[in-house]
Amino acid sequence: MTLERADVVVVGGGPAGLIAAREAATAGLDVVLVERDRAIGAPVRCGEGVGSRGLSEFIAPEGASWVARRITRVIFWAPDGTEVRVAEGDVGYILDRSRFEPALAAEAGRAGADIRVRTEAVALARQGDRWRVSLRGPHGGSDIDARIVIAADGVEALVARWAGLDTRVPARDMESCAQYVVSNIAFDPDAIYLHFGHRVAPGGYAWIFPKDVGVANVGLGIVALRAGGRHARAWLDDYMARYFPQGITTGYTVGGVIVHPTIKQTVTDGLLVCGDAAHMVNPLSGGGIVNAMKAGRLAARVSAQAIAAGDTSAARLQTYHDEWMRMLGDDHLRYYRLKEAISKFDDAFFDDLARTVNEIPTQRRTLGRIFASALVHHPTLVPVAARFFV
Ligand SMILES: Cc1cc2nc3c(=O)[nH]c(=O)nc-3n(C[C@H](O)[C@H](O)[C@H](O)COP(=O)(O)OP(=O)(O)OC[C@H]3O[C@@H](n4cnc5c(N)ncnc54)[C@H](O)[C@@H]3O)c2cc1C
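Details of the overall build of the protein
Looking only at helices and strands, the protein features 10 helices and 16 strands. Taking 390 residues into account, the globule formula puts the C-alpha radius of gyration at 21 Å, and the protein, at 21 Å, falls close to it. For the protein, the C-alpha atoms occupy an extent of roughly 65 × 45 × 40 Å along the three principal directions. In the protein, the proportion of contacts linking residues at least 24 apart, taken out of those at least 6 apart, comes to 69%.

Observations concerning helix H5 (residues 232–243)
With 12 residues, H5 should cover 16 Å at 1.5 Å per step; its first-to-last C-alpha distance of 16 Å lies within 8% of that length. If you check which residues of H5 are buried, you get Ala-232, Ala-234, Trp-235, Leu-236, Tyr-239 and Met-240. Those residues of H5 hidden inside the fold are in contact with strand E4 (67–77), strand E10 (174–183), strand E11 (191–195), strand E12 (206–212) and strand E13 (215–223).

What to know about the packing of aromatic side chains
Inspection of every chain in the model, using the stated rule, returns 12 aromatic pairs. Centre to centre, the rings of Tyr-239 and Tyr-243 are 4.6 Å apart; their planes meet at 35°, and the pair counts as tilted. Highlighted residues: Tyr-239 and Tyr-243, both in helix H5, separated by 4 residues, approximately one helical turn. Note on Tyr-239: relative accessible area 3%, which makes it buried.

Concerning the pattern of salt bridges
As enumerated under the stated definition, the model contains 27 salt bridges in all. One salt bridge connects Arg-97 with Glu-101, and the closest N-O pair in it is separated by 2.7 Å. Here the residue Arg-97 and the residue Glu-101 both occupy positions in helix H3 (residues 97–110), the gap between them amounting to 4 residues, near one helical turn. Accessibility assignment for this pair places Arg-97 and Glu-101 in one class, buried. Connected via shared salt-bridge partners are Arg-69, Arg-73, Asp-188 and Asp-190.

What to know about the site of the ligand
Near the ligand, the surroundings consist of 35 residues, among which Glu-35, Gly-47, Gly-49, Arg-97 and Asp-276 are the closest. Here a nitrogen atom of the ligand sits 3.1 Å away from a polar atom, N or O, in the main chain of Arg-36. Burial of the ligand by the protein chains amounts to 89% of its free accessible area of 1000 Å². No other element matches the 3 residues that strand E14 (residues 248–258) contributes to the shell around the ligand. In terms of residue class, the shell around the ligand is made up of 13 nonpolar, 13 polar and 9 charged.

With respect to the domain arrangement of the protein
When the parts of a complex come together, some accessible area is lost, and that lost area is often taken as the interface size. Each assigned domain of the protein is listed here: domain 1 (2–44 + 98–169 + 261–333) and domain 2 (341–389). A separation of 38 Å is found between the C-alpha centroids of domain 1 and domain 2.

A look at helix H1 (residues 15–26)
With 12 residues, H1 extends 16 Å from end C-alpha to end C-alpha; this agrees with the ideal 16 Å at 1.5 Å per step. Along H1, the residues that are buried comprise Pro-15, Ala-16, Gly-17, Leu-18, Ile-19, Ala-20, Ala-21, Arg-22, Ala-24 and Ala-25. A positive backbone phi angle near 95° is found at Gly-28, which sits one or two residues after H1.

Here we look at the pairing of E4
Here E4 runs beside strand E5 (residues 83–95); their pairing, made up of 9 bridges, is antiparallel. Each bridged residue has a counterpart across the sheet, and for Trp-77 the counterpart in E5 is Glu-83. Between E4 and the antiparallel strand that follows it, E5, lie 5 residues; Gly-81 among them carries a positive phi value of about 95°. As defined by bridge partners, E4 adjoins E11 across 5 bridges and the pair is classed as parallel.

A word on the sheet that holds E12
Spatially, the 8 strands line up as an open sheet ordered E3-E5-E4-E11-E12-E13-E10-E14, and their pairing is mixed. Each end of this open sheet is capped by a strand with a single partner; those strands are strand E3 (49–51) and E14. On average, each strand axis in the sheet is tilted by 30° relative to the strand beside it, whichever way the strands run. Taken together, the 6 bridges between E12 and E13 define a ladder with antiparallel strand orientation. Paired with Trp-207 across the strands is Gly-219, a residue of E13. Against the sheet, H5 contacts E4, E10, E11, E12, E13 and E14, and its axis sits at roughly 40° relative to E10.

Here is what the cut-offs are and how they apply
Here the residue numbers are simple positions, counted from 1 along each chain's written sequence. Where totals are concerned, whole chains, interfaces and linings use all residues; where local detail is concerned, this predicted model gives features only for residues with pLDDT of at least 70, and gives and counts side-chain atom pairs only at 80 or more. As a rule here, side-chain values cover all heavy atoms of the structure and leave hydrogens and water aside. Elements are defined by DSSP. Helices are runs of H or I of four residues or more, strands are runs of E of two residues or more, and each kind is numbered from the N terminus. Here the globule rule is a power law, 2.2 Å times the number of residues to the power 0.38, and the radius of gyration is based on C-alpha atoms. When checking whether two residues touch, look at their non-hydrogen atoms; a contact exists if any pair is within 4.5 Å. Between the first and last residue of a helix there are one fewer steps than residues, each counted as 1.5 Å, and that sum is the expected span. Burial classification: accessible surface area is computed with a 1.4 Å probe over protein chains only, and a residue below 20% of its type maximum counts as buried, one above 50% as exposed, and the rest as partly exposed. Only centres within 6.5 Å qualify two rings of Phe, Tyr or Trp (six-membered ring in Trp) as a pair; their planes then separate them into stacked at under 30 degrees, edge-to-face at over 60, and tilted for everything else. Criterion for a salt bridge: a side-chain nitrogen of Lys or Arg within 4 Å of a carboxyl oxygen of Asp or Glu. Throughout this document, a residue counts as near a molecule or strand when at least one of its heavy atoms sits within 4 Å of that molecule or strand. As used in this structure description, the phrase polar contact means that two N or O atoms lie within 3.5 Å; if the pair is within protein, one of them must be able to donate a hydrogen and the other to accept it, and residues adjacent in sequence are counted only when both atoms belong to side chains. Accessible surface is estimated by sampling points in the Shrake-Rupley manner with a 1.4 Å probe; for residues, cover comes only from the protein chains shown. When residue character is reported, Ala, Val, Leu, Ile, Met, Phe, Trp, Tyr, Cys and Pro are called nonpolar, Asp, Glu, Lys and Arg charged, and the others, Gly included, polar. The start and end points of each domain follow an automatic or database-based domain assignment. A pair of strands is considered paired only if DSSP assigns at least 2 bridges between the two. A fitted line through C-alpha atoms represents every axis, and for helices the fit uses only the stretch in contact; the resulting angles, taken between N-to-C directions, go from 0 to 180 degrees.

Structure representation (structure tokens):
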């Protein structure tokens with residue numbers, strides 16, 4: 001058994017871990033990133049949609065090989081199919097994550113991070129003011145002593161639990177998702193579609209995210225407790241039969257999305273948790289890629305400051321948690337409350353709301369105006385709005 005030392009061990013080679021590794025290495029730290037899968041970026045368990053502004057904070061998308069499609073429109077479908085166009089312009093991108101994450105890993109590597117694939121963190125033990133991280137890799141077991149561990153191990157997060165943090169997810173806040181890659185279908189290839197309704201995707205929504213003309217990620221997320229005992233794939237098969245019977249399925253994936261606010265404590269002595277592992281997903285949209293990258297960057301910055309100060313205690317690392325909550329965590333709590341409140345309305349309400357919103361001219365359809373108009377026409381929304389602001 002070999003024993004190495006590093007300033008930072010990052011567990012997980014998703015967006016959170018890769019940005020954490022890139023930024024920590026750029027700050028001059030000695031960084032090892034371990035990823036248990038054989039390849040960074042695979043398998044893809046994602047709709048791959050990201051907003052332009054968030055993405056551009058981290059990497060330039062123009063002309064990149066990892067961009068599958070540029071998106072200029074967002075279209076909501078009400079349960080009865082009423083179409084509502086809500087955003088136009090430089091909306092975002094559909095990534096090819098099998099290329100995107102390798103591109104981030106290459107940047108992290110160039111910055112000096114040591115990226116190790118097919119290497120799994122299997123245990124964690126506190127040794128004085130360091131963590132001993134036990135690894136299982138292609139050549140057997142090894143240990144690394146790290147000043148700081150960044151736990152970016154995604155939805156199945158174990159590392160934070162080993163360190164004593166509570167990352168449990170209530171069953172009602174875990175969406176089960178199923179997604180096909182589908183060819184031979186007709187839709188606007190510059191738009192993403194989000195389709196709501198208790199009979200479409202109970203507790204979640206269905207999405208159509210274009211990868212090319214006639215090719216899209218078509219998926220949905222459901223909350224099992226509301227899904228009448230049927231799993232996500234059964235709901236997706238119904239959806240395909242109804243809306244895309246001519247579609248040719250070329251890929252399939254399943255995965256969980258945590259639609260729960262940030263865990264109460266994201267740091268402990270010498271350890272920070274980021275991305276899905278810390279529930280840093282937008283509870284309304286289920287989007288987590290950009291959030292994970294923002295958390296990874298913040299974790300790297302706070303780690304570098306703590307190591308420079310020679311103090312990696314929980315008290316010192318607490319700034320990570322506080323800054324995250326200010327940046328996005330408090331918003332996620334509001335979105336979570338809003339989601340809880342609107343989940344109580346039935347499909348007829350949303351059909352009606354869609355028609356109300358369609359009365360606002362498309363170019364004037366900002367979120368604020370939609371909200372204000374909805375409140376005027378649908379007084380039942382007032383208590384929901386009140387919950388949003390408390
Ligand atoms: C079906 C589906 C569709 C989605 N669509 C979108 C979307 O369109 N847009 C969006 O923004 N978000 C989407 N998401 C959410 C998004 O995928 C996540 O929020 C994002 O990947 C989180 O990044 P992360 O780095 O925290 O975790 P991950 O991307 O999950 O990365 C964690 C990594 O850690 C590795 N790992 C785990 N344990 C260990 C260990 N012990 N040792 C070493 N490595 C380990 C895993 O193999 C994994 O590679 C979707 C999710 C699903 C399931």
